[in-house]
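# Secondary and tertiary structure notes
Next come the chains, spelled out residue by residue.
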Amino acid sequence: ILATIRQRDSGGNYAAKAPKSSASGAYQFIDSTWRGLLERYQLTGPPHAADAPPALQDYVAGRYIADILKDHGGDIRAVPAVWYT
């Protein structure tokens, strides 16, 4: 799942920055979502996903996907529905 989202959103570029929004990083987290996930998982990191090391971006995205699956009874179809809305 991570590899698919990473490829779709940024072509695998951990330093990617969207030209018309605050979305950045491999998973194109907008700044408010990125900061909220860092807080949720009690992590320290930069305010923009693109400035975080790849391992931190992958970790946060992986935890977020795990939460989505947990909240939706393991239904993988929920991941894109939640991720992109």
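Heads up: the structure comes first, above all this text.
Computed from a predicted model, the values in this text were never measured in an experiment.

### Considerations on the side chain of Arg6
Inspection of the secondary structure puts Arg6 in helix α1 (residues 2–10). By relative accessible area, Arg6 is classed as buried at 19%. Of the polar contacts made by the side chain of Arg6, one reaches the side chain of Tyr27; its length is 2.7 Å. Beyond its immediate chain neighbours, meaning those up to four positions away, Arg6 contacts Gly11, Gly12, Tyr14, Ala26, Tyr27 and Asp58.

### Looking at the pattern of salt bridges
In this structure the tally under the stated criterion is four salt bridges. Residue Asp75 pairs with Arg77 through a salt bridge whose shortest N-O separation is 2.9 Å. The exposure class assigned to Arg77 is exposed, which follows from its relative accessible area of 64%.

### Looking at unusual backbone geometry
Positive phi, close to 50°, is recorded for Gln28, a residue that is not glycine. Following the sequence through the fold, Gln28 ends up in the loop between α1 and α2 (31–40). One non-glycine residue, Gln42, adopts positive backbone phi at about 55°. Tracing the chain through its elements places Gln42 in the loop between α2 and α3 (54–71).

Rules behind the numbers
- Residues numbered from 1 in each chain as written.
- Predicted model: local features only at pLDDT ≥ 70, side-chain atom pairs only at ≥ 80, totals over all residues.
- Heavy atoms only, no water.
- Helix = DSSP H or I, 4+ residues; strand = E, 2+ residues; numbered from the N terminus.
- Buried < 20%, exposed > 50% of the residue type's maximum accessible area, 1.4 Å probe, protein only.
- Polar contact = N/O pair within 3.5 Å; in protein donor to acceptor, adjacent residues only side chain to side chain.
- Contact = heavy atoms within 4.5 Å.
- Salt bridge = Lys/Arg side-chain N within 4 Å of Asp/Glu carboxyl O.

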